[in-house]
Amino acid sequence: MREFMMVLLTAAIVTYLATPLVRRLALRVGAITAVRDRDVHSVPIPRLGGVAMLLGFAAAVLLGSQLPYHGQLFDATPRLFGVLAAAVLITALGAMDDIRELDWLTKLAGQVLAGGIMAFYGVQLESLPILGVTVLPEPVMVTLTILVVVISTNAVNFIDGLDGLAAGVVLIAAGAFFGWTYLVSRNFDPPNVFSEATFISAALIGVCLGFLPHNFHPARLFMGDAGALLLGLLLAAATISMTGSVDPNSSVASASAATALLLPILIPLAILALPFLDMVLAIARRTRAGQLPWKPDRGHLHHRMLDIGHSHRRAVVLLYLWALLIAAGSVSFAYLPFWVSLTGILGLLVLAVGLTWRAEPARASNATST
């Protein structure tokens, strides 16, 4: 665990220290988010925070390559360097979009290329835990790998609408995923908690922790597309690295055989459920209205929280609670007795629902009148 803490703290410290420098860079190059009809900020805010996040992740990778146990991952395969190469590409793509808006096709092509780079370095789906272990032809698995990257990057990008929201939700997702992969890895034969998925998750936790103090409301710097795409890519890399590594025929802690069979698929999906849900609802909403799926609007989950009457910070914290409910709840079923997990989830659900619909009276009346 000591090496994981070193990786996490390195990513957090470098990201935290680099963010003010990147803010100055954003102001100099004109990477500034103007106030638009769908936005909730009232003054222009610089964006480009993803560059600081990339520096934090790169520092974690360089440190990990020199550590006694994590270093073995780098000696055995170049996959983590492949993730770093893909991270550099997708952050550069997002940074260009932050400075000079790119068309959707260019951004999609960049996301596909980043997924292809990871697959080239060996970070790809090798099997699917469906009907036991299902191995499909390599071109199909590479295509599915790229699809996971595209969906994950866009899901995080869609939810990035309030100060600190995307970074906090990804922090919760990465924390839950780290807990799951760490515990699962202890059941490997031989036991080995030092996996690529746990390393990426630990570094991702650090990156989000380092950036949040600068990004929580009122934000001094937005992560921009550079940050949203990077976080989505790293979540995808962790998920891809773990999927196919779990033996579906082995039970996990107290989970039943049927549950253990589905966990490698269900847990990554559940952990990322909130951004995925927001993305699916946005696509359905825009398509039904006759708009292009990627055309921005003001109908995201965080916008609805504000319309109910919640303040900016309260809306963000409530969405954190919903993300925690889904992510931690899904992982708890793998390691706790069913009744314990169910009781905890129902308790959090009641709390989340109650707080969500109990808006502040003054703000609620203002939201109703607009």
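Residues numbered from 1 in each chain as written. Predicted model: local features only at pLDDT ≥ 70, side-chain atom pairs only at ≥ 80, totals over all residues. Heavy atoms only, no water.

Asker: Teacher, can you tell me more about the overall build of the protein chain here?
Answerer: Along the protein chain, the regular secondary structure elements total 15 helices and two strands. Looking at the 370 residues of the protein chain, the share that counts as buried comes to 52%. If you take every contact in the protein chain between residues at least 6 apart in sequence, the share linking residues at least 24 apart comes to 75%. Accessible surface, the protein chain: about 16,500 Å² in total, of which carbon and sulfur atoms supply 68%. (Helix = DSSP H or I, 4+ residues; strand = E, 2+ residues; numbered from the N terminus. Buried < 20%, exposed > 50% of the residue type's maximum accessible area, 1.4 Å probe, protein only. Contact = heavy atoms within 4.5 Å. Areas by Shrake-Rupley, 256 points an atom, 1.4 Å probe, with all protein chains shown as cover.)

Asker: Where do I start with the packing of helix H2 (residues 49-64) against helix H8 (residues 196-215) in this structure?
Answerer: Viewed as axis vectors pointing N to C, H2 and H8 meet at an angle of 140°, and their least axial separation amounts to 9 Å. In terms of orientation, H2 and H8 fall into the oblique class. Crossing hand, H2 versus H8: right-handed. Together, Gly49, Met53, Gly56, Phe57, Ala60, Val61 and Gly64 of H2 and Phe199, Ala203, Val207 and Phe211 of H8 make up the contact between the two elements. Looking at the contact of H2 with H8, its residues break down into eight nonpolar, three polar and no charged. (Axes fitted to C-alpha atoms, helices over the stretch in contact; angles between N-to-C directions. Parallel < 35°, antiparallel > 145°, perpendicular 65-115°, else oblique. Left-handed = near helix turned anticlockwise from the far one by under 90°. Nonpolar A, V, L, I, M, F, W, Y, C, P; charged D, E, K, R; others polar.)

Asker: Mind showing me how you'd approach the nonpolar core here?
Answerer: A general tendency of soluble globular proteins is for nonpolar side chains to be buried together. Counting 99 residues, the largest nonpolar core has Phe57, Met118 and Leu231 as the members making the most contacts within it. It is helix H7 (residues 165-185) that contributes the most residues to this core, 15 residues altogether. If we skip the residues at most four places from it in the chain, Phe57 touches Val83, Leu84, Ala87, Ala203, Val207 and Leu234. (Core = buried A, V, L, I, M, F, W, Y, C linked by side-chain atoms within 4.5 Å.)

Asker: Would you explain the pattern of salt bridges in this entry?
Answerer: Oppositely charged side chains may form a pair once their charged atoms are brought near each other. Counted by the stated rule, this structure contains three salt bridges. Among the salt bridges present, the one from Asp97 reaches Lys107, with a minimum N-O distance of 3.6 Å. Linking Asp97 in helix H4 (residues 79-99) with Lys107 in helix H5 (residues 104-120), this pair joins segments that are 10 residues apart in sequence. The salt bridge partner of Lys107 is Asp225, with a shortest N-O separation of 3.6 Å. With a gap of 118 residues between them, Lys107 in helix H5 and Asp225 in helix H9 (residues 224-242) connect regions that are remote in the sequence. Asp225 sits in the buried class, given a relative accessible area of 12%. Members of the salt-bridge network, linked through shared partners, are Asp97, Lys107 and Asp225. (Salt bridge = Lys/Arg side-chain N within 4 Å of Asp/Glu carboxyl O.)

Asker: Just to check I follow, could you spell out the side chain of Thr15 for this structure?
Answerer: Among the secondary structure elements, Thr15 is positioned in helix H1 (residues 2-29). The exposure class of Thr15 is buried, given its relative accessible area of 0%. A distance of 2.7 Å separates a polar atom in the side chain of Thr15 from the backbone oxygen of Ala11. Apart from the residues within four sequence positions on either side, Thr15 is in contact with Ala52, Met53, Gly56, Val207, Gly210 and Phe211. (Polar contact = N/O pair within 3.5 Å; in protein donor to acceptor, adjacent residues only side chain to side chain.)

Asker: When you look at a nonpolar patch on the surface in this model, what are you seeing that I'm missing?
Answerer: Taken together, Met1, Met5, Leu9, Ile13, Tyr16 and Leu17 make up a surface patch of nonpolar side chains, about 590 Å² in accessible area. Mapped onto the elements of the fold, Met1 is located in the segment before H1. (Patch = residues over 30% accessible without salt bridge, like charges linked within 9 Å, V, L, I, M, F, W, Y side chains within 5 Å.)

Asker: What am I meant to see in the environment of Met223 here?
Answerer: Looking at the element boundaries, Met223 is found in the loop between H8 and H9. For the pair Met223 and Val51, spaced 172 residues apart in the sequence, the C-alpha separation amounts to 8.3 Å.

Asker: Explain unusual backbone geometry here, please?
Answerer: Note on backbone geometry: most residues besides glycine have negative phi, and most peptide bonds are trans. At the junction of His217 and Pro218, the peptide bond is cis and its omega measures out at 0° in the coordinates. With respect to the helices and strands, Pro218 occurs in the loop between H8 and H9. Even without being a glycine, Leu48 presents a positive backbone phi close to 140°. The buried category is assigned to Leu48, whose relative accessible area is 3%.

Asker: Just checking my understanding: could you explain helix H6 (residues 138-159) for this structure?
Answerer: For the α-helix, the turn length of 3.6 residues means that residues three or four positions removed from each other point alike. Across its 22 residues, H6 extends 32 Å between first and last C-alpha, which sits within 8% of the 32 Å expected from 1.5 Å per residue. Buried within H6 are the following residues: Met141, Thr145, Ile146, Val149, Val150, Ser152, Thr153, Asn154, Ala155, Val156, Phe158 and Ile159. (Expected span 1.5 Å × (residues − 1).)

Asker: What's the story with the side chain of Thr239 in this structure? I'm lost.
Answerer: Note that Thr239 resides in helix H9. For Thr239, a relative accessible area of 14% puts it in the buried group. Within polar-contact distance, the side chain of Thr239 engages the backbone oxygen of Leu235 at 2.9 Å.

Asker: Just checking my understanding: could you explain the packing of H1 against H8 for this structure?
Answerer: Running from amino to carboxyl end, H1 crosses H8 at an angle of 35°, the nearest separation of the two axes being 7 Å. The handedness of the crossing between H1 and H8 comes out as right-handed. Together, Phe4, Val7, Leu8, Ala11, Ala12, Thr15, Tyr16, Thr19 and Pro20 of H1 and Thr198, Phe199, Ala202, Ala203, Ile205, Gly206, Val207, Leu209, Gly210, Phe211, Pro213 and His214 of H8 make up the contact between the two elements. Broken down by class, the residue content of the contact of H1 with H8 amounts to 15 nonpolar, six polar and no charged.

Asker: Would you take a moment to explain the confidence of the model for the protein chain for this structure?
Answerer: Low-confidence regions, as indicated by low pLDDT, have predicted coordinates that should not be scrutinised in detail. Of the residues in the protein chain, 81% reach a pLDDT of 70 or more, and the chain-wide mean stands at 82. For the protein chain, per-element mean pLDDT is lowest for helix H15 (residues 361-369), which scores 39, and highest for H2, which scores 96. Counted against residues more than four places away or in other chains, residues 250-261, with its pLDDT under 50, gives 22 contacts. Confidence drops under pLDDT 50 across residues 361-370; counting only partners more than four residues distant or on other chains, this segment forms nine contacts. (pLDDT = per-residue confidence, 0-100.)

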